[in-house]
Every structure is written in C-alpha cells, then in structure tokens.
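This is what each chain is made of:
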Amino acid sequence: MEIFGIILFIVLITAVAATVTALLKDGRGHNPPINSKESWSAFDAPSTPYWNPRIY
C-alpha cells in the first residue's frame with residue numbers, strides 16, 4: 001500500500017512541476033514584432049459604432 005502512496009506523490013510532484021514550467025514559458029517568443037509599412041486610415045470604418053442596435 002505504501003508503494004501506491006509513493007507513486008501518487010511522485011506523479012503529483014511531476015504534474016505540479018510541469019504546470020509551473022508551462023506557465024513560466026507560456027507566450028515567450030511567439031509574438032512577432034509589429035512592423036507597419038502603410039499609414040493608418042479610417043476610410044473603411046462605419047459611420048455608427050457596432051454596438052448600436054440596428055433595426056431593419
């Protein structure tokens with residue numbers, strides 16, 4: 001019975017270590033730098049906000 005407790009303890013410690021490692025590495029180095037080559041314009045923007053209720 002003690003062997004199952006030891007195996008469970010090792011599995012729990014491994015799971016906690018893997019979770020902490022995944023949280024610390026998450027998102028690092030995945031976002032490319034933003035390079036804007038064209039100037040921004042609002043020609044395609046709607047004349048009313050999207051949140052306004054539209055009745056057709």
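Described below are features of the structure shown in this document. The structure presented is a predicted model; accordingly, all values stated were derived computationally and were not measured. (Residues numbered from 1 in each chain as written. Predicted model: local features only at pLDDT ≥ 70, side-chain atom pairs only at ≥ 80, totals over all residues. Heavy atoms only, no water.)

### So, the overall build of the chain
The test is simple: Helix numbering and strand numbering both begin at the N terminus, where a helix is a DSSP run of H or I of at least 4 residues and a strand a DSSP run of E of at least 2. Categorising residues by exposure relies on relative accessible area from a 1.4 Å probe, with only protein chains included: less than 20% of the type maximum marks a residue as buried, more than 50% marks it as exposed, and the intermediate range marks it as partly exposed. Areas reported as accessible are Shrake-Rupley estimates using a 1.4 Å probe. Residue values count occlusion only from the protein chains shown.
When you go through the chain residue by residue, the secondary structure sums to one helix and zero strands. When each of the 56 residues of the chain is scored for burial, the buried share is 0%. About 6,100 Å² of surface is accessible on the chain, with carbon and sulfur atoms providing 67% of the total.

### A look at a nonpolar patch on the surface
How we decide: Only residues above 30% relative accessible area that lack a salt bridge enter a patch, with like-charged residues linked at up to 9 Å and the nonpolar side chains Val, Leu, Ile, Met, Phe, Trp and Tyr linked at up to 5 Å. Any Lys or Arg side-chain nitrogen found within 4 Å of a carboxyl oxygen on Asp or Glu counts as a salt bridge.
A cluster of nonpolar side chains, namely Met1, Ile3, Phe4, Ile6, Ile7, Phe9, Ile10, Val11 and Ile13, defines an oily patch on the protein surface of about 990 Å² accessible area. Among the structural elements, Ile10 can be located in helix α1 (residues 2–25). For Ile10, a relative accessible area of 48% translates into the label partly exposed.

Remember that the coordinates give geometry; whether it matters functionally is a separate question.
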